[in-house]
Amino acid sequence: MAKKETTRKRERYHHFMVDTETLGTLPNQHPVLQMALVEFDSVSFAPTGNELTVFFPLAEQIKAGTSPDPETIKWWNKPENLKSQTEVMAGVNAAGTME
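No experiment lies behind these values; they were computed from the predicted model shown.

## A few points about the overall build of the protein chain
Right, on to step 1. Along its length, the protein chain carries three helices and three strands.
Right, on to step 2. The linear arrangement of helices and strands in the protein chain, starting from the amino end, is β-β-β-α-α-α.
Right, on to step 3. Looking at the protein chain residue by residue over its 99 residues, the buried ones come to 21%.
Right, on to step 4. As displayed, the protein chain offers around 7800 Å² of accessible surface, 57% of which is attributable to carbon and sulfur atoms.

See below:
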């Protein structure tokens, strides 16, 4: 009887993680600024360089009834987060409409 192969062929599978940047943690209450789908190597967990990033317009979300969480705004304004904040907000400001 032939031995059944039980290991996966690594090259057949792609592993992704989803990352979001938000202005709070409550669904449907706080704006979502960015979502990214990032491919990673399943052995080293290092990013492969393949990613898809989508930015969402903040004004439309606020108009629709979401509001930033004050504590999250404080977190984004910490000196160690300012570089990320600048990059994310540049994408948000350049985002098209959600329609």
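## Brief notes about the environment of Gln61
Right, on to step 1. Among the structural elements, Gln61 can be located in helix H1 (residues 58-63).
Right, on to step 2. On a C-alpha basis, the gap between Gln61 and His30 in space is 8.4 Å, while along the polypeptide they are 31 residues apart.
Right, on to step 3. In contact with Gln61, other than residues within four places in its own chain, are Pro31, Val32, Phe56, Thr66 and Met98.

## Examining the pattern of salt bridges
Right, on to step 1. Inspection of every chain in the model, using the stated rule, returns one salt bridge.
Right, on to step 2. Between Lys74 and Glu71 there is a salt bridge, with the nearest N and O atoms lying 3.2 Å from each other. Of this pair, Lys74 and Glu71 both sit in helix H2 (residues 70-76), three residues apart, which is roughly one turn of that helix.
Right, on to step 3. Here Lys74 falls in the exposed class, since its relative accessible area comes to 52%.

What counts and how
- Residues numbered from 1 in each chain as written.
- Predicted model: local features only at pLDDT ≥ 70, side-chain atom pairs only at ≥ 80, totals over all residues.
- Heavy atoms only, no water.
- Helix = DSSP H or I, 4+ residues; strand = E, 2+ residues; numbered from the N terminus.
- Buried < 20%, exposed > 50% of the residue type's maximum accessible area, 1.4 Å probe, protein only.
- Areas by Shrake-Rupley, 256 points an atom, 1.4 Å probe, with all protein chains shown as cover.
- Contact = heavy atoms within 4.5 Å.
- Salt bridge = Lys/Arg side-chain N within 4 Å of Asp/Glu carboxyl O.

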